[in-house]
Amino acid sequence: MERYNIISEKNKREIVLLRGSGCVYKKCTFCDYYTDSCKNPQENYLLNQSVLEQVTGQYGNLEVINSGSVFELDEKTLDLIKSICHEKKISTIHFESHYLYRKKIPDLRKYFSEFDLKMKLGLETFDYDFRESVLHKGINEKNPSIIAEHFDEANFLFGITGQTVESMKQDIELGLENFERICLNIMCDNTTGVSPDKAVIDSFIKQLYPIYKNNERVDILINNTDFGVGD
Ligand code: SF4
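Calculation notes
Residues numbered from 1 in each chain as written. Predicted model: local features only at pLDDT ≥ 70, side-chain atom pairs only at ≥ 80, totals over all residues. Heavy atoms only, no water. Buried < 20%, exposed > 50% of the residue type's maximum accessible area, 1.4 Å probe, protein only. Helix = DSSP H or I, 4+ residues; strand = E, 2+ residues; numbered from the N terminus. Pairing = 2+ DSSP bridges. Right-handed = clockwise from strand over helix to strand, strands pointing away. Core = buried A, V, L, I, M, F, W, Y, C linked by side-chain atoms within 4.5 Å. Contact = heavy atoms within 4.5 Å. Salt bridge = Lys/Arg side-chain N within 4 Å of Asp/Glu carboxyl O. Expected span 1.5 Å × (residues − 1). Polar contact = N/O pair within 3.5 Å; in protein donor to acceptor, adjacent residues only side chain to side chain.

**What to know about the pairing of strand 5 (residues 116-124)**
Step number 1: The element strand 5 is largely enclosed, with a buried count of eight among its nine residues.
Step number 2: Relative to strand 5, strand 4 (residues 92-97) is paired through six bridges, and the arrangement is parallel. Looking at strand 5, one finds that Phe95 is bridged to Met119.
Step number 3: The β-α-β motif built from strand 4, the intervening helix 3 (residues 105-111) and the parallel element strand 5 has right-handed crossover chirality.
Step number 4: Here strand 5 runs beside strand 6 (residues 153-158); their pairing, made up of four bridges, is parallel. Residue pairing in the sheet places Leu121 in a bridge with Ala154 of strand 6.

**Points about the nonpolar core**
Step number 1: Residues Ile81, Ile93 and Phe95 are the most contacted members of the largest nonpolar core, which totals 54 residues.
Step number 2: If near-sequence neighbours (up to four positions away) are discounted, Phe95 is found in contact with Val64, Val70, Ile81, Leu108, Phe112, Leu117, Lys118, Met119 and Lys120.
Step number 3: Formed by 11 residues, the second largest nonpolar core is a distinct cluster that contains Tyr25, Cys28, Phe130 and Leu135.

**Observations concerning the environment of Ser67**
Step number 1: Within the secondary structure, Ser67 sits in the loop between strand 3 (61-65) and helix 2 (75-87).
Step number 2: A residue is classified by how much of its surface remains accessible, and Ser67, at 11% relative accessible area, is buried.
Step number 3: As for Ser67 and Tyr33, which are separated by 34 residues in sequence, their C-alpha atoms are 6.0 Å apart.
Step number 4: Excluding its chain neighbours within four sequence positions, the residues that come into contact with Ser67 are Leu17, Cys23, Tyr33, Tyr34 and Asp36.

**Notes on the pattern of salt bridges**
Step number 1: Using the criterion set out here, one finds 13 salt bridges in the structure.
Step number 2: In this structure, Glu124 engages Lys137 in a salt bridge whose closest nitrogen and oxygen atoms are separated by 2.9 Å. One end of the pair, Glu124, is in strand 5; the other, Lys137, is in the loop between helix 4 (128-134) and helix 5 (144-147), and 13 residues separate them in sequence. Side by side, Glu124 and Lys137 carry an identical accessibility label, which is buried.
Step number 3: Taken together, the salt bridges that share partners define one network made up of Arg13, Glu63, Lys120, Arg181 and Asp219.

**Examining helix 2**
Because each turn of an α-helix spans 3.6 residues, side chains separated by three or four positions in sequence point in the same direction.
Step number 1: Compared with an ideal rise of 1.5 Å per residue, which puts 13 residues at 18 Å, helix 2 spans 18 Å between its outermost C-alpha atoms and is within 8% of the ideal.
Step number 2: Considered for burial, the residues of helix 2 that qualify are Thr77, Leu78, Leu80, Ile81, Lys82, Ile84 and Cys85.
Step number 3: Looking at the packing, one finds that the buried side of helix 2 touches helix 1 (41-52), strand 3, strand 4 and helix 3.
Step number 4: For helix 2, the capping residue at the N-terminal end is Asp74, with a side-chain oxygen 3.1 Å from the backbone nitrogen of Lys76.
Step number 5: Phi turns positive one or two residues past the end of helix 2, at Lys89, with a value near 55 degrees.

**Remarks on the side chain of Asn44**
Step number 1: With respect to the element layout, Asn44 can be found in helix 1.
Step number 2: Given the relative accessible area of 2%, Asn44 is considered buried.
Step number 3: For Asn44, the contacting residues outside a window of four places in its chain are Arg19, Gly20, Ser21, Cys38, Asp74 and Thr77.

Listed below in structure tokens is the structure:
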């Protein structure tokens, strides 16, 4: 499994895929990547240390993901992220979190107060009924500005039956209004019961991709390994 890569287009940064104790939520119907986890914090730390040793600081910008939320990383790993970012003169750190941890984010920002922290939310869509009835995302809030309150960036998931060009465009536009940056993930085959819908994906590629592909605030992952980490 690749755990380190360099993103050299749009918002240049290094990215690491670390391992935590595991997603506490695990109910999203489309997700099976929370299996990259271990309940032993010391084993996680040793693995994470070997990944973080590869960070060079070349862009001063580091994205940390961990198949779940940053709050599932062990304390020693968080300390190490902090000291490596100091040492390598990294000023911006991106972390991901589920909405259920939002009240813990201010303390995390304090802990990393010398850095510009960018918190990324797995939102998937602003469409409340689709998000909660189909994707079971567990975000019991409809108001976009309340959803975005503790977050700077958001992930969206496109390419599922029921989505349309209009619904995806509305998500992108609302995403750009409410977050600094957004990441559009196209649904890929996995072990869950949710499958990619080829017609929806084709309509995204034909009608929306050309509009947003050069937008510096929009990352687009056609394959979920396009950031060069994962398997
Ligand atoms: S998408 Fe994120 S919050 Fe949902 S089950 Fe997967 S790891 Fe957990």
